Amino acid sequence: MRLNAWLQDHRRVKKSRDYNFAFINEAAKREIRRKILKAVAIPGYQVPFASPELPVARGWGTGGLQLTLSLIGPEDILKVIDQGCDGSVNAVNIKKFVGQVTGVSTTTDTRQATIIQTRHRIPEEAMTRDQILVLQVPFPEALRTVEPSEAETRRMHGEADYSQMWLYLYEDIVKYGEISIGARYPVTVNGRYIMDPSPIPRWDIPKLHLAETLFLFGAGREKRIYAIPPHTRVEPLEFEDEKFRVEDFPGQACQRCGSSATFLDEIIDEASGARTYLCSDTSHCDKILAQQEEKEVRSCK
Amino acid sequence: MGYVAVKGGEEAIAQAGKLLTYQRLKGASDPLEVRQIQEQLYLAVDRVMSEGSLYAPDLAALAFKQAAGDTLEAAFMLRAYRATQPRVGYSLPHKGEEIRIIRRISAAFKDIPGGQVLGPTSDYTLRLLDFELLEDTPRQRQAFLQALGRDLAGTRPLPLTFPKVIDILRKEGLLAEALGNEEGREKIFDITRQSLTFPASRSAALQTMARSETGGLLLLAYTNMRGYGDIHPTVGELRVGYLPVRIEHPQTGAPYTIGEVKVTEAEVIARFTAAEGSPKFTLGYGLCFGHNEIKAIAMAVLDRAMQAPEPRMPSEDQEFVLSHLDGIESLGFGSHWKLPHYVTFQSDLDRLRRAQEAGKKTKPGSGKDNAT
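Reading guide: rules and limits
- Residues numbered from 1 in each chain as written.
- Chains lettered and ligands numbered in written order.
- Predicted model: local features only at pLDDT ≥ 70, side-chain atom pairs only at ≥ 80, totals over all residues.
- Helix = DSSP H or I, 4+ residues; strand = E, 2+ residues; numbered from the N terminus.
- Expected span 1.5 Å × (residues − 1).
- Buried ≥ 20, exposed ≤ 12 C-beta atoms within 10 Å, placed from the backbone.
- Pairing = 2+ DSSP bridges.
- Contact = placed C-beta atoms within 7 Å.
- Axes fitted to C-alpha atoms, helices over the stretch in contact; angles between N-to-C directions.
- pLDDT = per-residue confidence, 0-100.
- Domains from an automatic or database assignment.
- Nonpolar A, V, L, I, M, F, W, Y, C, P; charged D, E, K, R; others polar.

## Remarks on helix α7 (residues 138-152) of chain B
Residues and elements named next belong to chain B.
So, point 1. Taking 1.5 Å per residue, 15 residues should reach 21 Å; α7 reaches 21 Å between its end C-alpha atoms and fits that length.
So, point 2. For α7, the tally of buried residues reaches only zero of 15 residues, placing the bulk of the element at the surface.
So, point 3. Trailing α7 by a residue or two, Gly154 shows a phi angle of about 90°, which is positive.

Here is the structure:
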C-alpha cells in the first residue's frame, strides 16, 4: 500500500476511535519495534522493554498483544488462538480488543492471516515467510527453573553458563527415567542462547527449527521481547543417549476429522467417563473436515 | 461437551459482561455518584491513584465505582488508562519541606520545630462502629459543621511550610546520607520507560515502591519489622499534605507551578552503622500519592532494608522485594491461572504417564542398570 493511502486510512480509523490506532501511543510503539529489531538481530536473547499497561490483565497475553499492536497496520489480517482454538474465550477477547482499536479484518484460517497471535500452540499448518507468529509468554526465562534471580540468570546467559540447566535435566532422568518437562521445553537458539519457547507442547518445538516464518515472543509482565528469525537453528536440549521426544497419542486420532498427525486434546465424556480425542488446532480440524466432505461430494457425483 | 463450550466463547463473554453490570444495578438504592466516592471514600480514591500511578481523583473514583470497590481492579483500570497518555514532560524535583501540611508528626522527639500537627487521623479514634452513620442525614451533617465552625474561631492558620525534623540530626552530623543519593537528576531512572534491571538504582526502587500495592508492601516491610531483619525504625517524620507540582516554563525556562498533589511522606530513622568512619543513623524514605500513611511507612522501612550491604533477609534483597510489589502485575498473573491450560496439562499428563511406566519397570531401590 502506498504511504499516502495508508496514512489516509490510518487517520480514518483513528478518527473513528477514542484511542490511538492500535491503542498504544506512537512513541511506545516505536520503542517496541526497536526492541523487536534487536531481538531479531540476536536470536533467542531476551530484550528488556518498557511494557506499558494495557486494558488486558498482565498474564493474559499483554506481551504478545503489545507486539501485535506495534506491528499491525490497517491492511493486516489477524488470527488469534488460545490452546489452538480461535473460539477460546481469551482469544476472542484479544481479537475483539485489537478489532476495536484497529478495525482490521480477522480470520480463523492460518493461511490467510498475516499476523497470528497465539497462546500455548503453533498452528499445525506450516506458515510462510509473509506471516508472523506472535507468541504470548508467561515466563521468558528458561533458566528460572534452576535460578530464581534475574540478575544471576542474565549473568548465566552472558557467559553461556548453562551447566545448572543440564544438571537439572540429568537429575530429572535419574529421578523419573526421563525428563519431566512437559510444555515449555527449553531450546538452544542458533547454537547460543537457551530460550523458553513459551508453554507450547513439545509437539510444536520442531516447527521452530529452520522455519520460514518469523517467531516473536512477548512477555508483558516480565517486560521481555525475544525472537526466532526465519531459517534459525532451534534445538531442544537433549543428551546423546536421551533424546528429546514429542508427546505421543498411541493409537489415537481426532474423533472429528480422523487426523492422527496432530496434537490432540484429551476429552473426558461426562456420561461415560470415557476418553476421546479431538484436534487442538480447531481451524485445521475444520479444514480437514471440509476437504473430506468435498471429496465425498465429488465421489458421489 | 467441553468442546462446544470452548467454541461458545464470544457469546459467553458478552453475557458474562451483562451479568456483571446487573450485579451493580440490581439493588434498589440510588446510583452512586462518582463525586460521592471522591468526597466520601477519599482514602480508597487515594489508594487507587497511588497504586494506579496516576494522580486523577475523578478518574480514580470512576474506576472504583466501575470495579465495585475492588481497589486492585480499579488501580489496574487507572494504570491502563495512564499508559495511553503521552508523556509531556518531567516535573521539577522538590524537597519535602515544600509540602503544604495538613498533618505532620514525629515519633523521635516530643517537641519538634513547628510542633506536632495531628491533623485528620483515625489513630486515636476507638474503632467502635458508629451506628449514627446508619442515618447520615443532612441535618446531622449541618449541625456537625456548624459546631466545627464555632470551634475554629480564634485558631491560627498553619504556616505554609515546616522545617524538617531530620534536618536537626543532619546538622549535628548524626545522620548518614542514604546510599544512592549521588545520582544526579539526569540519571533518574524512569520505570515507565525502562524495565528494571538489578541492582536497581535507588530512584528506580523508590518509584517501584511508590506505585506498589499497599498490602504487599506492608507485608514485606512487616517481615522486616517483626524479626526477619532488624533495622529498628523510628518515624523521624510523617507528613501528609499537598506538594506543589512545578515544571520548567517552556519559553522562559523558569519554574512554573501547575498544581499540587496530595502526598504522604515518611522518613524513618534506622539503626546506626559505621560504614564510613564514625557511626551514624541511617534513613529510609517513603512517599506516595494520597493519604496512605501505612504505605509511606512501609516504603521507608523497605527503602532502608534494601540498603543492607549484604542482604540476608527477603526484605533486604532488592530483586526479591521490587519484583513482587506491583499489584497490577501480581493480580494479572495470579488470575491468569483461570485461563485454559489444556495444552500444557496434556503435555504434563504425557510426561507423568511415561514416568509412571518407567517407575513400574524400575522397582524402587533397584539401580538404573536394571531399568532396561
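Let's pick the thread back up.
## A look at the sheet that holds strand β3 (residues 105-106) of chain A
Residues and elements named next belong to chain A.
So, point 1. Taking strand neighbours across the sheet as the criterion, the seven strands line up as β1-β9-β8-β5-β4-β2-β3 in an open arrangement whose pairing is mixed. Two strands lie at the open edges of the sheet, namely β1 (47-48) and β3, each paired on one side alone.
So, point 2. Bridge count between strand β2 (residues 77-82) and strand β4 (residues 115-119): five bridges; the pairing is parallel. Across the sheet, Ile81 pairs through a bridge with Thr118, a residue of β4.
So, point 3. Taken strand by strand, helix α2 (residues 26-41) contacts β1, β8 (214-219) and β9 (224-228), and its axis lies near 45° from that of β9.

## Points about the confidence of the model for chain B
Residues and elements named next belong to chain B.
So, point 1. Residues at a pLDDT of 70 or more form 92% of chain B, whose mean pLDDT is 88.
So, point 2. Between the elements of chain B, mean pLDDT differs from a low of 43, seen in helix α1 (residues 2-7), to a high of 98, seen in helix α4 (residues 42-52).
So, point 3. Contacts of residues 1-6 to residues separated by more than four positions or lying in other chains number six contacts, the stretch itself having pLDDT below 50.
So, point 4. For residues 365-372, every residue scores under 50 in pLDDT, and the model assigns this stretch four contacts once sequence neighbours within four places are set aside.
So, point 5. We note a pTM of 0.86 for the whole complex and an ipTM of 0.81 for its interfaces.

## Considerations on the domain arrangement of chain B
All names here are of chain B.
So, point 1. Taken domain by domain, chain B comprises domain 1 (2-83) and domain 2 (96-130 + 160-330).
So, point 2. Computed over C-alpha atoms only, the centres of domain 1 and domain 2 are separated by 30 Å.
So, point 3. Contacts between domain 1 and domain 2 engage 12 residues on the former and 13 residues on the latter.
So, point 4. For the side of domain 1 that touches domain 2, the secondary structure elements donating two or more residues are α4 and α6 (71-83).
So, point 5. A per-element tally of the side of domain 1 that touches domain 2 places α4 first, with six residues.

## Topic: the sheet that holds strand β2 (residues 234-248) of chain B
Residues and elements named next belong to chain B.
So, point 1. Pairing in this open sheet of four strands is antiparallel, and the strands run β1-β2-β3-β4 from one edge to the other. Strands with a single pairing partner mark the edges of an open sheet, and in this sheet they are β1 (100-105) and β4 (280-289). Recorded for the sheet is a direction-independent mean angle of 25° between the axes of neighbouring strands.
So, point 2. Taken together, the 14 bridges between β2 and strand β3 (residues 255-273) define a ladder with antiparallel strand orientation. By the bridge assignment, Glu248 is partnered in β3 with Pro255.
So, point 3. Strands β2, β3 and β4 of the sheet are contacted by helix α11 (residues 293-305), whose axis makes an angle of about 140° with β4.

## Some words on the domain arrangement of chain A
Residue and element names in this part refer to chain A.
So, point 1. Domains assigned within chain A are domain 1 (3-145 + 170-236) and domain 2 (248-301).
So, point 2. Centre-to-centre separation of domain 1 and domain 2, based on C-alpha positions: 27 Å.
So, point 3. The interface is formed by 14 residues belonging to domain 1 together with seven residues belonging to domain 2.
So, point 4. Class assignment of the residues belonging to the side of domain 1 that touches domain 2 gives a composition of four nonpolar, five polar and five charged.

## Side note on the interface of chain B and chain A
Often, the extent of an interface is quoted as the loss of accessible area on bringing the components together.
So, point 1. Contacts between chain B and chain A engage 44 residues on the former and 48 residues on the latter.
So, point 2. The class makeup of the residues in the side of chain B that touches chain A is 19 nonpolar, 15 polar and 10 charged.

## Here's the deal with the pairing of strand β12 (residues 275-279) of chain A
Residue and element names in this part refer to chain A.
So, point 1. Judged from the five bridges that link them, strand β11 (residues 264-268) and β12 form a sheet pairing that is antiparallel. The partner of Asp265 across the bridge, within β12, is Leu278.
So, point 2. Hairpin geometry of β11 and β12 is characterised by an intervening segment of six residues between the two adjacent antiparallel strands and by a positive phi of about 75° at Gly273.

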